[in-house]
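Architecture at a glance
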Amino acid sequence: MDTSKANFIDALVALLGANAILQPPEDFARYTQDWAGHRLGEPLAVARPKTTEEVAAVVRLCRENGVRMVPQGGHTGLVGGALPDKDNNEIVISLERMNRVHSIDPVGFTMVVDGGCVLEEIKRIAEEQECFFPLSLGAQGSCQIGGNIATNAGGLNVLRYGMMRELVLGLEVVLPDGRIWNGMTALRKDNRAYNLKQLFIGSEGTLGIVTAAVLKLFPKPEQTQTALLAIPSVAAAMQLYTLARRSCSDLLSAFELIPRKCMELAFEAAPQLTDPLDVAYPYYVLMETAATGPVDLAQMMENFVEQGMTAELILDGVLAASSAQALQLWFIRESMLEGQRMRGEHLRTDVSVPISALADFVDEATTVVTHYSPESTVIPYGHVGDGNLHFNILPPPGMAAEQAVTVLHELEELIFDVLDRFNGSISAEHGIGRIKQQAYLKRASEAERELLVSIKRAFDPDCLMSADRVLPASMIKSSMNK
Ligand SMILES: Cc1cc2nc3c(=O)[nH]c(=O)nc-3n(C[C@H](O)[C@H](O)[C@H](O)COP(=O)(O)OP(=O)(O)OC[C@H]3O[C@@H](n4cnc5c(N)ncnc54)[C@H](O)[C@@H]3O)c2cc1C
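Here we summarise the structure given alongside this text. (Residues numbered from 1 in each chain as written. Predicted model: local features only at pLDDT ≥ 70, side-chain atom pairs only at ≥ 80, totals over all residues. Heavy atoms only, no water.)

1. Overview of the pattern of salt bridges
By the definition in use, this model includes 23 salt bridges. The partner of D462 in a salt bridge is R63, and the shortest N-O contact between them spans 3.6 Å. Of this pair, D462 sits in the loop between α16 (446–459) and α17 (473–480) while R63 sits in helix α3 (residues 52–65), and the two are 399 residues apart along the sequence. When the shortest N-O distance is used, the salt bridge between K261 and E264 registers 3.9 Å. (Salt bridge = Lys/Arg side-chain N within 4 Å of Asp/Glu carboxyl O. Helix = DSSP H or I, 4+ residues; strand = E, 2+ residues; numbered from the N terminus.)

Structure (structure tokens):
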């Protein structure tokens, strides 16, 4: 290590204490390897501050020394945003030691938390107070609220409660120059000037580090109904979605599409799972309704299923008779992801189209994929109640990994071209990070790019925080010369 790097590490240790700084060869895997285990980074060190003031001090030190930094939460993000560079020049700032829930207000339905709180813990503590924090996703045992805010995470309950953007009332952020912005209000209405809070939400760590938040809570549902319904097609799923919204008093809280292939991937990943139905069907919908108060949710669900069967949208199904059975159904949904990961190289997309166009998009994109690579397997699944689909592809069985990468890349381009025709988004939930940057910039208008560059420049003119994520640092630097 050269002297300037060594001096910088010494200064970090002096600032936070030796325990707070991790350097190779300590166990770096959690910080340097992405969730799929594919991408690797090599940071200069990992700094683990315990307070907002410590985060600010680290950021100031980085700025004084011109050292790049990247905030990291649970490192479950899927676009490489939290992954450090490979050249040993970047500091990872991990929020893992800032994990306190400060307070819950069960009257105003709000909660004050540190940026490093793990999502599952937040949900658990809210429930102890008969409250509910609705963000639910497969990575909730590891992802942190700061990461959820930075990526504007979505998940299973968006159709009822909205994305992270709608679940945050206040924020505290350490800016790239080390100043602390205190926007920790619990106000539901606040129309003062520009909405800075919303600028930070979804900014993927490029504009500042989220150190604390005031979250919006809801009454804890007293009853839920979960059903796995077999359906003939994607078009039927979308008709069923409309029916569910209308006939369940808009108490629908999740509506997931699962193709048969995904069911099989779940069984591969979790052999203890059994098929809840006796016969295999082409598609399934996993849906949930939830309510508080004197509502007969069971009757409502039964009526809905009856209507769906009469309309020949539902072919078969199972209604969870207990919360354990409901969890088992959701475990199928979770295990599908592991099943894909176990298959190795595959294409993961996270696209959205207008809800009413989703079935047509699946048809058109499937035709394009099948034409280009007939042996590949299309697995379209996801939060279709939000028009959000993981239109994923497994490469032909037995294809060499190197060739698969090329084929899948070509297929992604073709799928995105179809998406453009539907006015869709190449990133519904996961953000841009590094992985989606090219595809995003290719589609952004000149005006859009100029505005984004101006925003980044206003916050971080030296491009030291999360450089090269969302926008390339070269784009910011070259804009300075104009
Ligand atoms: C199995 C699985 C299922 C998933 N399901 C969903 C889903 O349904 N919906 C969905 O939206 N996402 C999903 N994701 C993606 C991921 O879980 C979310 O993006 C999550 O919000 C990331 O949180 P994290 O703490 O792991 O962030 P990280 O991965 O650590 O970081 C993500 C980005 O946020 C930045 N960041 C992290 N912490 C901070 C902070 N405190 N301040 C500023 N910037 C910060 C990082 O620099 C990076 O750019 C899933 C991921 C997995 C592995």
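2. As for the side chain of D460
Among the secondary structure elements, D460 is positioned in the loop between α16 and α17. The exposure class assigned to D460 is buried, which follows from its relative accessible area of 1%. Polar contacts involving the side chain of D460 include one to the main-chain amide nitrogen of L464, which spans 3.1 Å. Dropping the residues within four chain positions of it, D460 is found in contact with P176, T206 and M465. (Buried < 20%, exposed > 50% of the residue type's maximum accessible area, 1.4 Å probe, protein only. Polar contact = N/O pair within 3.5 Å; in protein donor to acceptor, adjacent residues only side chain to side chain. Contact = heavy atoms within 4.5 Å.)

3. As for the sheet that holds strand β17 (residues 377–381)
Read from one edge to the other, the open sheet built from three strands follows the order β16-β18-β17, with strand pairing classed as antiparallel. Here the strands that pair on one side only, and so sit at the sheet edges, are β16 (351–352) and β17. Inspection of the sheet shows β17 paired to strand β18 (residues 388–394) by five bridges, in the antiparallel sense. Residue pairing for β18: Y381 is matched across the bridge by H390. Sitting on the sheet, helix α10 (residues 260–269) touches β17 and β18, and the angle it makes with β17 is about 90°. Along the sheet, helix α14 (residues 401–421) makes contact with β16 and β18, crossing β18 at roughly 150°. (Pairing = 2+ DSSP bridges. Axes fitted to C-alpha atoms, helices over the stretch in contact; angles between N-to-C directions.)

4. A look at the sheet that holds strand β1 (residues 21–22)
The four strands are arranged β1-β2-β4-β3 in an open sheet whose pairing can be described as mixed. Edge strands, defined here as strands with exactly one partner in the open sheet, are β1 and β3 (68–72). Contacts from α3 reach β2 (45–47), β3 and β4 (90–94), with the element oriented near 170° to β4.

5. Brief notes about the site of the ligand
Around the ligand sit 35 residues in total, of which P71, G73, T76, G77 and E429 are the nearest. A distance of 2.8 Å separates an oxygen atom of the ligand from a polar backbone atom of G74. At 2.8 Å, a backbone N or O of V210 approaches a nitrogen atom of the ligand. A per-element tally of the shell around the ligand places helix α5 (residues 145–150) first, with four residues. Grouping the amino acids of the shell around the ligand by side-chain chemistry returns 14 nonpolar, 19 polar and two charged. (Near = heavy atom within 4 Å. Nonpolar A, V, L, I, M, F, W, Y, C, P; charged D, E, K, R; others polar.)

6. Quick notes on the nonpolar core
By size, the foremost hydrophobic cluster in this structure holds 64 residues, and its most contacted members are F255, M287, F304, F361 and F391. For this core, the element with the most residues is helix α9 (residues 234–247), which contributes eight residues. Setting aside anything within four residues of it in sequence, one finds F391 in contact with T349, F361, V362, A365, T366, V369, V378, I379, P380 and I415. By size, the runner-up hydrophobic cluster in this structure holds 30 residues, among which are I125, L135, A153 and F459. (Core = buried A, V, L, I, M, F, W, Y, C linked by side-chain atoms within 4.5 Å.)

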